[in-house]
Amino acid sequence: MWSVIAVLVFLQFAIEMIIGANYALGQILVTPMALLMSYLAAPGAAGTAMAPERVFDTLVGAGIGIVLAVVSSTLDDRIYLARDHAASKGRDGF
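How each quantity is defined
- Residues numbered from 1 in each chain as written.
- Predicted model: local features only at pLDDT ≥ 70, side-chain atom pairs only at ≥ 80, totals over all residues.
- Heavy atoms only, no water.
- Helix = DSSP H or I, 4+ residues; strand = E, 2+ residues; numbered from the N terminus.
- Polar contact = N/O pair within 3.5 Å; in protein donor to acceptor, adjacent residues only side chain to side chain.
- Expected span 1.5 Å × (residues − 1).
- Buried < 20%, exposed > 50% of the residue type's maximum accessible area, 1.4 Å probe, protein only.
- Arc of directions from axis to C-beta.
- Contact = heavy atoms within 4.5 Å.
- Patch = residues over 30% accessible without salt bridge, like charges linked within 9 Å, V, L, I, M, F, W, Y side chains within 5 Å.
- Areas by Shrake-Rupley, 256 points an atom, 1.4 Å probe, with all protein chains shown as cover.
- Salt bridge = Lys/Arg side-chain N within 4 Å of Asp/Glu carboxyl O.

Draft legend 1. Seen up close, the side chain of Ser-88. Mapped onto the elements of the fold, Ser-88 is located in helix 4 (residues 75-92). One polar contact links the side chain of Ser-88 to the main-chain carbonyl oxygen of His-85, over a distance of 2.9 Å.

Draft legend 2. Structural context of helix 1 (residues 2-18). In this model, helix 1 (17 residues) spans 24 Å end to end at C-alpha, consistent with the 24 Å of a helix rising 1.5 Å per residue. When we look at burial in helix 1, the residues that qualify are Val-4, Leu-8, Leu-11, Ala-14 and Ile-15. Around the axis of helix 1, the buried residues are gathered within 130 degrees of arc, so they sit on the same side. Across from the buried face of helix 1, at angles greater than 90 degrees, the exposed residues are Trp-2, Val-9, Phe-10, Phe-13 and Met-17. Those residues of helix 1 hidden inside the fold are in contact with helix 2 (23-41).

Draft legend 3. Inspection of a nonpolar patch on the surface at higher detail. A surface patch of nonpolar side chains, about 390 Å² in accessible area, is lined by Phe-56, Val-60, Ile-64 and Leu-68. Among the structural elements, Val-60 can be located in helix 3 (residues 50-72).

Draft legend 4. How the structure looks around helix 2. Counted at 1.5 Å a residue, the expected span for helix 2 with its 19 residues is 27 Å, and the 27 Å between its end C-alpha atoms agrees. Three or more residues of helix 2 are buried, namely Gly-26, Leu-29 and Met-33. End-on, the buried residues of helix 2 take up no more than an arc of 65 degrees, which puts them together on one face. Across helix 2 from its buried face, at more than 90 degrees, point the exposed residues Ala-24 and Ile-28. Contact partners of the buried residues in helix 2: helix 1. Looking at where helix 2 begins, the residue whose side-chain oxygen comes 3.3 Å from the main-chain nitrogen of Ala-24 is Asn-22.

Following this line, the structure appears as structure tokens:
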């Protein structure tokens, strides 16, 4: 149990240090921390079903977010993003 707490302290520290510079990388560290905290709260309940449930919840949340972003965007927003994407391809050569 103390090793789990030590890992949680490390993850919390790492998240706080990284998230200001790279939000995506900081978010990657949040998942293992959440799983470990769930394990500490209910050690018997944390089993092989927890990770697939977390993945499913993440996919559903991402899907809903994408649908809401598309539905709430305007045609002007999409045209602007398409032009910006084409311009960045020309600048970067990719």
